[in-house]
Amino acid sequence: MIILLLGAPGAGKGTQAKILTEKYDLAHLSTGDVFRYHIKNETEIGKVAKGYIEKGTLVPDEVTCAIVKESLPLYQNRKGIILDGFPRNIVQAKALDAFCKLDCVLNIAVSEDLLLERICGRRVCKDCGASHHIKYLQGKATCQYCNGVLYQRQDDSVETAKERFAVYSQQTKPLIQFYKEKGILHTVDGNKEQDAVLVEIDKILKVLAE
Ligand code: AMP
């Protein structure tokens, strides 16, 4: 099963993906994580992606689509794949259609006020990539899963987050209609706590598996 997690920055895609991959034995392909890996390792792709990510805009489609097309075969060793953060516009969605068939699109809908609060309070683990919120950390500076050091993503500042929301509204949001027309869109209320969101997702996946 190939599942796309759709949603604005801060909607909780990464958090849900991490839970779902373990629960359903799925591989997790996050284009944001792939780009951060390349930036950290100063590869050619990293050099291209860095400026776009720092501004909060999209890395060019040809670079992003090529990475996903090349990487997908490497993610076939589990029962399915979660795509997190790709596609992010109609061009990418049409490119994906040419080499991969999505079974389900989970759209995590969250109000903008909450998104900004989540993004600005987000702290990510340097080792396993898990997201945490300062609200629940109570001063702790290490990951609850692996004890890794937590950091704030450079693009999680208020200014860059606002640019990322604008990019989401203009380029990514049209995918909701795109996948609705294909009959594979399921929307969940992402304003709820993560356990409650997971309950909604579980129900959808259970029906699909029947
Ligand atoms: P994320 O970790 O999903 O929030 O992505 C972080 C940043 O990586 C985005 O703001 C974009 O600059 C870049 N990025 C991630 N996925 C894509 C994509 N599908 N297309 C273009 N840029 C992307």
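This is a predicted model, so every value here is computed, not measured.

### A look at the nonpolar core
Move 1: Core analysis: the biggest nonpolar cluster contains 51 residues, and Leu72, Leu83, Leu96, Leu102, Val105 and Tyr179 have the highest contact counts within it.
Move 2: Every residue in contact with leucine 102, bar those within four places of it in the chain, is listed here: Ile2, Leu4, Leu83, Leu96, Tyr179 and Ile184.

### Section: the site of the ligand
Move 1: Inspection of the region around the ligand gives 16 residues, with Thr31, Arg36, Thr57, Gly85 and Gln92 positioned closest.
Move 2: At 2.9 Å from an oxygen atom of the ligand is found a side-chain nitrogen or oxygen belonging to arginine 36.
Move 3: Note that a nitrogen atom of the ligand is positioned 2.8 Å from one of the backbone N or O atoms of glycine 85.
Move 4: Here the ligand, which alone exposes 480 Å², has 96% of that area covered by the protein.
Move 5: With four residues, helix H2 (residues 31–40) is the largest single contributor of residues to the shell around the ligand.
Move 6: Partitioning the shell around the ligand into residue classes produces five nonpolar, six polar and five charged.

### Regarding the packing of aromatic side chains
Move 1: Enumeration over the complete set of coordinates arrives at one aromatic pair.
Move 2: Centroid distance phenylalanine 178 to tyrosine 179: 5.0 Å. Interplanar angle 85 degrees. Geometry classified as edge-to-face. Each member of the pair, phenylalanine 178 together with tyrosine 179, is buried.
Move 3: The ring centre of tyrosine 145 lies 5.5 Å from the NZ or CZ of lysine 18, which sits over that ring.

### Regarding the sheet that holds strand E3 (residues 80–84)
Move 1: One open sheet accounts for five strands, arranged E2-E3-E1-E4-E8; its pairing is parallel. Pairing within the sheet leaves two strands with one partner each, and these edge strands are strand E2 (26–30) and strand E8 (185–189). The sheet shows a mean angle of 20 degrees between the axes of neighbouring strands, direction not considered.
Move 2: Here strand E4 (residues 104–109) runs beside E8; their pairing, made up of five bridges, is parallel. Residue pairing in the sheet places alanine 109 in a bridge with aspartate 189 of E8.

About the criteria used
Along each chain, residue indices are assigned from 1 in the same order as the chain's sequence is written. At least 70 in pLDDT is required for a residue's local features to be given in this predicted model, at least 80 for side-chain atom pairs to be given and counted, and no such filter applies to totals for whole chains, interfaces and linings, which use all residues. Hydrogens and waters are ignored; side-chain quantities use all the structure's heavy atoms. Buried Ala, Val, Leu, Ile, Met, Phe, Trp, Tyr and Cys residues form a nonpolar core when they are joined through side-chain atoms within 4.5 Å. Relative accessibility under 20% of the residue-type maximum defines a buried residue, over 50% an exposed one, and the middle range a partly exposed one, all with a 1.4 Å probe and only protein chains included. Residue contacts follow a heavy-atom distance rule, with two residues in contact if any of their heavy atoms lie within 4.5 Å. Whether a residue is near a molecule or strand depends on its heavy atoms: if one lies within 4 Å, it is near. N or O atoms closer than or at 3.5 Å make up a polar contact, with two conditions inside protein: a donor-capable atom paired with an acceptor-capable one, and, for residues adjacent in sequence, both atoms drawn from side chains. Method for areas: the Shrake-Rupley scheme with a 1.4 Å probe, in which residue coverage is limited to the protein chains shown. Helix and strand definitions follow DSSP, with helices as H or I runs of at least four residues and strands as E runs of at least two, each counted in order from the N terminus. Only Asp, Glu, Lys and Arg are considered charged in this grouping, and only Ala, Val, Leu, Ile, Met, Phe, Trp, Tyr, Cys and Pro are considered nonpolar; every other residue, Gly among them, is considered polar. Only Phe, Tyr and Trp rings take part, Trp by its six-membered ring, and two of them pair if their centres are within 6.5 Å. Stacked means planes under 30 degrees apart, edge-to-face means over 60, and tilted covers everything else. Charge-over-ring contacts are defined here by two conditions on Lys NZ or Arg CZ: a distance within 6 Å of the ring centre and an angle within 35 degrees of the ring normal. When DSSP finds two or more bridges between two strands, those strands count as paired. Only C-alpha atoms enter the line fits that serve as axes; for helices the fit covers just the stretch in contact. Angles between N-to-C directions range over 0 to 180 degrees.

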